[in-house]
Amino acid sequence: MHLTDLTATESFKSLQQHYADARTWQMRDLFSQDSQRFEHFSIETAGLLFDYSKNRVSQETMRMLVELARERGVEQLRDAMFAGEKINATENRSVLHTALRAPRTATLRVDGQDVTGDVHAVLDRIHTFTDQIRSGQWEGYSGRPITDIVNIGIGGSYLGPKMACQALRSFSHPRLSMHFVSNVDGHDLDALLQTVNPETTLFIIASKTFTTMETMMNAQSARSWFLKHASQAGLPRHFVAVSTNTEAVKAFGIDPNNMFPFWDWVGGRYSVWSAIGLPVALAIGCDQFRQFLDGAHAMDQHFRTAPLEKNMPILLAMLGVWYRNFFNAASVSIAPYHQDLAYFPGYLQQLEMESNGKGVAANGVRLDMPGCPVIWGDTGTNGQHAYFQMIHQGLDLIPVDFITALKPTHYLPGHHAALLANCFAQSEALMRGKTPEEVRRELQGSGMSAEQTEELVPHKTFPGNRPSNTIMMDQLNPSSLGALIALYEHKVLVQGAVWGVNSFDQWGVELGKVLAKTIQNEITDSVQPDRHDSSTNALIARAKAALQ
Ligand code: F6P
């Protein structure tokens, strides 16, 4: 259904004609022509306001983009996902992260498995365990309560929990410090181990497959470090696992009673809702973790039932398609104006780029147009003093998603008004720009000579007409964070359907893994490597000389 060339679809062709005209529109004019543009181009659901009025679109553009979504089978793919159909065809798997946040009363069976029942049974175990750790009832080997939690995992087994723990740090247990080790680079683990006490540290080994090289190496080193201080008998109080692979967890030496399972229908980058979210549940408590799930569920319900024209994930996704496939925008910048969302851009990099960074359609045919743009960004106001220069005046069109919250969770006077003012000023400046006439007036008004003024005019002119979305919540809390993440997850599904790719596999990470294994052996064994290109051979030889 969504496998024909994108450019061959009727609605795409109509949009191409429409674009010829739309590309000349100025957003300044669009705002002055419609005093209610904000009302006409914003929606609210699940605690999020989505203001998309500062985009180079008319009502007609939005209607046509929605039509493209329809023609590319977005609704069918969405419904198939929620129903548990095996939409991840290359791995023959269902895609059911939405089932992880469905209420206990929901019913869903897939391949004879009671998905809802299994999900809530694990959640209940997480509840008991997190209560024990948080209350201090769970003691380390010397009888002291746990103070430090170290999550060892990478990719989806790291980015989601780390991002969410930072986002919800105001809601966290004061005794527990959360740490995340991901990189196989020993500098990561070594630096951490120097700061924690084995008597009061809990390690979570988080890996869907329990075979990922980085995670297994860090887990082994953490265990060796622990055993230098404590006996084998202490291990069960300090090592727990989160995985789908019970056998490998047992082989590592972790008792399955200390393992929190999940299932192959949870993709790594969609797994923060599963037991992979254990660090989040430990930090904020399971009741608040359930609010996080409820927030995501509210967005699921909206995505599932709202008309496409008023459907937040659909609109966010189709605006992305508009800039990617018509304006040829190669990247999107994510600008959270909330320090606690510092890791959100990095989280979205995996979510969007590992999902939709593909060159072939689900049927194996090369895409006729590029899909996923580069996702990047940093918190505001920091980004303003680094790369916003290019977003304002460079020749590339870089759409921005501003994300912010109306109320802070701190009590420092003045800061939040300053933060919000900067956020709104940036989107206004990007939209309005500053014309040469405005610059001229300003400079001459300050008494500058006509000659000097003319020299400076091109440098001080802002072209404007640069698009952005603003996503605003009342406060960043477990529920609004859940809704925010789910919004972007569904954006990925919608864009994947439009581009025709399978958003749920990630074969592109395999080649490097295989080659690394070979080269690792070559660095550590005595044979001289000669089977690579001259560059790789020479680099390996230097590493051998340094490390052997
Ligand atoms: O980088 C590839 C990948 O498979 C990601 O999709 C995944 O999140 C990550 O590795 C970690 O995998 P695992 O949880 O199996 O250790």
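Structure shown above.
Residues numbered from 1 in each chain as written. Predicted model: local features only at pLDDT ≥ 70, side-chain atom pairs only at ≥ 80, totals over all residues. Heavy atoms only, no water.

Chemist: Sorry if this is basic, but what is going on with the sheet that holds strand β9 (residues 259–261) here?
Modeler: With respect to topology, five strands assemble into an open sheet ordered β6-β5-β7-β8-β9, the strand pairing being parallel. Sheet topology places β6 (177–181) and β9 at the edges, where each strand pairs with a single neighbour. Between one strand and the next, the sheet's axes are offset by a mean angle of 20°, whatever the strand orientation. Relative to β6, strand β5 (residues 148–152) runs parallel, the two being bridged by five bridges. Within β6, the position partnered with V150 by the bridge is H179. Contacts between helix α6 (residues 115–135) and the sheet are confined to β5, β7 (201–206), β8 (239–243) and β9, with β9 contributing the most and set at about 145° to the helix. (Pairing = 2+ DSSP bridges. Helix = DSSP H or I, 4+ residues; strand = E, 2+ residues; numbered from the N terminus. Axes fitted to C-alpha atoms, helices over the stretch in contact; angles between N-to-C directions. Contact = heavy atoms within 4.5 Å.)

Chemist: Could you clarify how one ought to interpret the site of the ligand in this entry?
Modeler: What surrounds the ligand is a group of 13 residues, the closest being G156, S157, S207, T209 and T212. The separation between an oxygen atom of the ligand and a polar main-chain atom of K208 is 2.7 Å. One of the side-chain N or O atoms of Q350 is found 3.4 Å from an oxygen atom in the ligand. Surface burial for the ligand is 86%, taken as the share of its 400 Å² of free accessible area covered by protein chains. Considering only residue class, the shell around the ligand consists of two nonpolar, nine polar and two charged. (Near = heavy atom within 4 Å. Polar contact = N/O pair within 3.5 Å; in protein donor to acceptor, adjacent residues only side chain to side chain. Areas by Shrake-Rupley, 256 points an atom, 1.4 Å probe, with all protein chains shown as cover. Nonpolar A, V, L, I, M, F, W, Y, C, P; charged D, E, K, R; others polar.)

Chemist: Got a minute to help me understand the sheet that holds strand β1 (residues 42–45) in this structure?
Modeler: Neighbouring strands of a sheet are bound in pairs by backbone hydrogen bonds; such pairs are parallel or else antiparallel. Within the open sheet, the six strands sit side by side as β1-β2-β13-β12-β10-β11. Their pairing is mixed. Since the sheet does not close on itself, it has two edges, and those belong to β1 and β11 (374–377), each with one partner. Each adjacent strand pair in this sheet contributes to an overall mean axis angle of 20°, direction not counted. As paired elements, strand β2 (residues 48–51) and strand β13 (residues 468–475) share four bridges and run antiparallel to each other. Directly across from L49, in β13, lies its bridge partner M472. Sitting on the sheet, helix α19 (residues 478–499) is in contact with β2, β10 (331–337), β12 (400–407) and β13, with an inclination near 155° to β13.

Chemist: Would you mind showing me how to read the pairing of β12 here?
Modeler: Two faces belong to every sheet, and in a regular strand the side chains alternate between them. In terms of residue burial, β12 counts as a mostly covered element, since six of its eight residues are buried. Bridging between β10 and β12 involves five bridges; their strand directions are parallel. Among the inter-strand pairings, S333 is bridged to a residue of β12, identified as V400. (Buried < 20%, exposed > 50% of the residue type's maximum accessible area, 1.4 Å probe, protein only.)

Chemist: In this structure, what is going on with the packing of helix α4 (residues 59–71) against helix α13 (residues 312–325)? I would like to understand it.
Modeler: In helix packing, the relevant descriptors are the interaxial angle and the interaxial distance, both defined with respect to the helix axes. At a minimum axis separation of 10 Å, α4 and α13 run at an interaxial angle of 100°. One way to sum up the angle between α4 and α13 is to call them roughly perpendicular. Residues T61, M62, L65, V66, L68 and A69 of α4 form the contact with α13, whose own contacting residues are I314, L315, M318, L319, V321 and W322. (Parallel < 35°, antiparallel > 145°, perpendicular 65-115°, else oblique.)

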